[in-house]
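One letter stands for each residue in the lines below.
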Amino acid sequence: MHVDYYYSLNSPWAYLGSARFEAMCAKHGATVAPFPVDFGVIFPASGGLPLPKRAPQRQAYRLMELARWSRHLNLPLNPQPSSFPFNEPPIAAAVIALRETQGVVPAIKLSHRIMRAIWADDVNPADPATFATLAADVGLDGPALLKLAEDPQWLDRRRADSEAALERGVFGAPSFVIEGEIFWGQDRLDFVERKLAGQG
């Protein structure tokens, strides 16, 4: 099976699901296309609100849920990291450039290392020195990748990917699309696995 994987590099929910998603795709031999899309485009067009504009009750509940899931999955998570939200576009451009020039596997590895950096390590992935370290962690040349990412075609691609996500019905991160069926949220990964196993 094939999964189109839509996410924000700033998303704690994508971080919480990242390792499980990678593992289940490997287990079932699924291919993945990673799309670090722009939810600044997707939210306004799909009825969503960026975090600062949500009601205080929703913001407070989000923090409770993050703590619950962190405990449940036994994953480290700082619910209020110092660099959140980091400057995502240039780093997303780097991931897309990587996806298009070296393939999806390194792009996914780098994406998930970036998510872990902000939510578990509390560092800023947009800092060039930090990015270089994160890239090296997954066997990549960070400075060369940032240089490659300066080409505007990669952010153009991100805009096109974001518009395509909207057309498919994607509205939240992470979203997994399999055979046209959308699974929204890391808490839907059990259903993703059933689908990959031919049971859903």
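For clarity, every value in this text was computed on a predicted model and none was experimentally measured.

Caption draft 1: Examining the environment of arginine 157 more closely. With respect to the helices and strands, arginine 157 occurs in helix H8 (residues 153-168). Residue classification places arginine 157 among the partly exposed positions, given a relative accessible area of 33%. Sequence separation of arginine 157 and valine 37 is 120 residues, and the distance between their C-alpha atoms is 9.4 Å. Setting aside anything within four residues of it in sequence, one finds arginine 157 in contact with Ile96, Arg99 and Glu100.

Caption draft 2: Quick look at the sheet that holds strand S2 (residues 31-36). Here we have four strands laid out as an open sheet, ordered S2-S1-S3-S4, and mixed in their pairing. Pairing within the sheet leaves two strands with one partner each, and these edge strands are S2 and strand S4 (181-184). The average undirected angle you get between the axes of adjacent strands in this sheet is 20 degrees. Sheet topology note: the strand S1 (residues 2-7)/strand S3 (residues 175-178) ladder contains three bridges and is antiparallel. Counterpart to tyrosine 5 in the pairing with S3 is phenylalanine 176. The sheet strands contacting helix H1 (residues 12-28) are S1, S2 and S3, and the helix crosses S1 at an angle near 170 degrees.

Caption draft 3: Seen up close, the pattern of salt bridges. Tallying each qualifying case throughout the model produces 15 salt bridges. Note that glutamate 100 is salt-bridged to arginine 157, the shortest N-O span being 3.1 Å. Placement of glutamate 100 in helix H4 (residues 88-101) and of arginine 157 in helix H8 is noted, with a sequence separation of 57 residues between them. Arginine 159 is the salt-bridge partner of aspartate 156, the closest N and O atoms lying 2.2 Å from each other. With aspartate 156 and arginine 159 both in helix H8, this residue pair falls three residues apart, about one helical turn. In this structure arginine 159 comes out as partly exposed when scored by relative accessible area, which is 48%. Connected through shared salt-bridge partners, Arg99, Glu100, Arg157 and Asp161 make up one network.

Caption draft 4: Spotlight on the environment of tryptophan 154. Looking at where tryptophan 154 falls in the secondary structure, it is placed in helix H8. Taking the relative accessible area as the measure of exposure, tryptophan 154 reaches 6% and is therefore buried. Distance in space between the C-alpha atoms of tryptophan 154 and methionine 115 is 20 Å, their sequence separation being 39 residues. Ignoring sequence-local partners within four residues, the contact set of tryptophan 154 consists of Ala93, Ile96, Ala97, Glu100, Thr101, Leu148 and Ala149. Engagement of the side chain of tryptophan 154 in a polar contact is seen with the backbone oxygen of leucine 148, the distance being 3.1 Å.

Rules behind the numbers
- Residues numbered from 1 in each chain as written.
- Predicted model: local features only at pLDDT ≥ 70, side-chain atom pairs only at ≥ 80, totals over all residues.
- Heavy atoms only, no water.
- Helix = DSSP H or I, 4+ residues; strand = E, 2+ residues; numbered from the N terminus.
- Buried < 20%, exposed > 50% of the residue type's maximum accessible area, 1.4 Å probe, protein only.
- Contact = heavy atoms within 4.5 Å.
- Pairing = 2+ DSSP bridges.
- Axes fitted to C-alpha atoms, helices over the stretch in contact; angles between N-to-C directions.
- Salt bridge = Lys/Arg side-chain N within 4 Å of Asp/Glu carboxyl O.
- Polar contact = N/O pair within 3.5 Å; in protein donor to acceptor, adjacent residues only side chain to side chain.

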